[in-house]
Amino acid sequence: KDLAPGKGVNKFLCICAPGTILSIEEEVKSAFPEVAVVKSSDILLEIMAKGISKAEAVKRFCAHLGISPDETIAFGDNFNDVEMLEAVGRSYVMGNAPEEILDRFPHHTADNDHDGIADVLEQIFEGSRTKISIKTRVGRDNADDAFRLLEIYRKYPLSELIIHACISIRSS
């Protein structure tokens, strides 16, 4: 059945059997070269329109605010974050990230359950006011991180913070 005008599918999220994701990822990439395919965990595969990524979201958001992505930082913990981590001035990989990602980027922080984002932000804001981009998921797993972030936000003017929280960009 056709979708309503102006409505569409933005992303497919495939849940794969453990141990099969790499072969499925390659097969989907080969069969559908016109889409972006990225692994977001050992069992999750995301399929989106080409050009849709967290990196593109950061670039567009920074352009909107008139700053360079080189002046921002980002946090990531899986393969779907790699492009974003490469697009910013400073990348921090969460301690729970796969070894391949930890090996690829020099800056690491504690995992999602141990205030990794808040720890880095506290270090950055100690004595300086820098515009930053924060990629974070606020959910039950990291509610403590969210509360610590809110404490930091209260301490520093929000105009100094640029918050990127899983922004989705639609292709025009």
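Basis of the calculations
Numbering of residues starts from 1 in every chain and runs along the sequence as written. For this predicted model, a pLDDT threshold of at least 70 governs which residues receive local features, and a threshold of 80 or more governs which side-chain atom pairs are given and counted, while totals over whole chains, interfaces and linings are taken from all residues. Neither water nor hydrogens contribute to the side-chain values; these are computed over all heavy atoms in the structure. Salt bridge, as used here: a side-chain nitrogen of Lys or Arg that lies within 4 Å of a carboxyl oxygen of Asp or Glu. We count a stretch as a helix when DSSP gives it H or I for four or more residues in a row; a strand needs E for two or more, and each element gets its number in order from the N terminus. Type-normalised accessible area, obtained with a 1.4 Å probe on protein chains alone, sets the label of each residue: buried when under 20%, exposed when over 50%, and partly exposed for intermediate values. One bridge is not enough; two strands pair if DSSP finds at least two bridges between them. Between the rings of Phe, Tyr and Trp (Trp by its six-membered ring), a pair exists once the centres lie within 6.5 Å; its type follows the angle of the planes, with under 30 degrees stacked, over 60 edge-to-face, and the other angles tilted.

Draft legend 1. Representation of the pattern of salt bridges in the model. Scanning the model with the defined rule gives five salt bridges in all. Linking K54 and D81 is a salt bridge whose minimum nitrogen-to-oxygen distance equals 2.6 Å. You can see K54 sitting in helix 2 (residues 54-65) and its partner D81 sitting in the loop between strand 4 (73-76) and helix 3 (82-87), a full 27 residues away along the chain. For the pair shown, K54 and D81 are each scored as buried. E86 is paired through a salt bridge with R104; the nearest N and O atoms lie 2.5 Å apart. Of this pair, E86 sits in helix 3 while R104 sits in helix 4 (residues 99-104), placing them 18 residues apart in sequence.

Draft legend 2. The pairing of strand 1 (residues 11-15), seen in detail. Counted residue by residue, strand 1 has zero buried out of five residues, so it is predominantly exposed. The sheet contact formed by strand 1 and strand 3 (residues 44-49) spans five bridges and is antiparallel. Bridge pairing in strand 3 links L13 to E46.

Draft legend 3. Structural view of the packing of aromatic side chains. Under the criterion given, the structure shown has one aromatic pair. Between the aromatic rings of F75 and Y92, the centroid separation amounts to 5.6 Å while the plane-to-plane angle is 25°, which identifies the pairing as stacked. With F75 in strand 4 and Y92 in strand 5 (residues 90-94), the pair connects residues that are 17 residues apart, well separated along the chain. The burial state of F75 is the same as that of Y92; both residues are buried.

Draft legend 4. Geometry of helix 5 (residues 116-125). A large share of helix 5 lies buried, amounting to seven of its ten residues. For helix 5, the complete set of buried residues consists of G116, I117, A118, V120, L121, I124 and F125.

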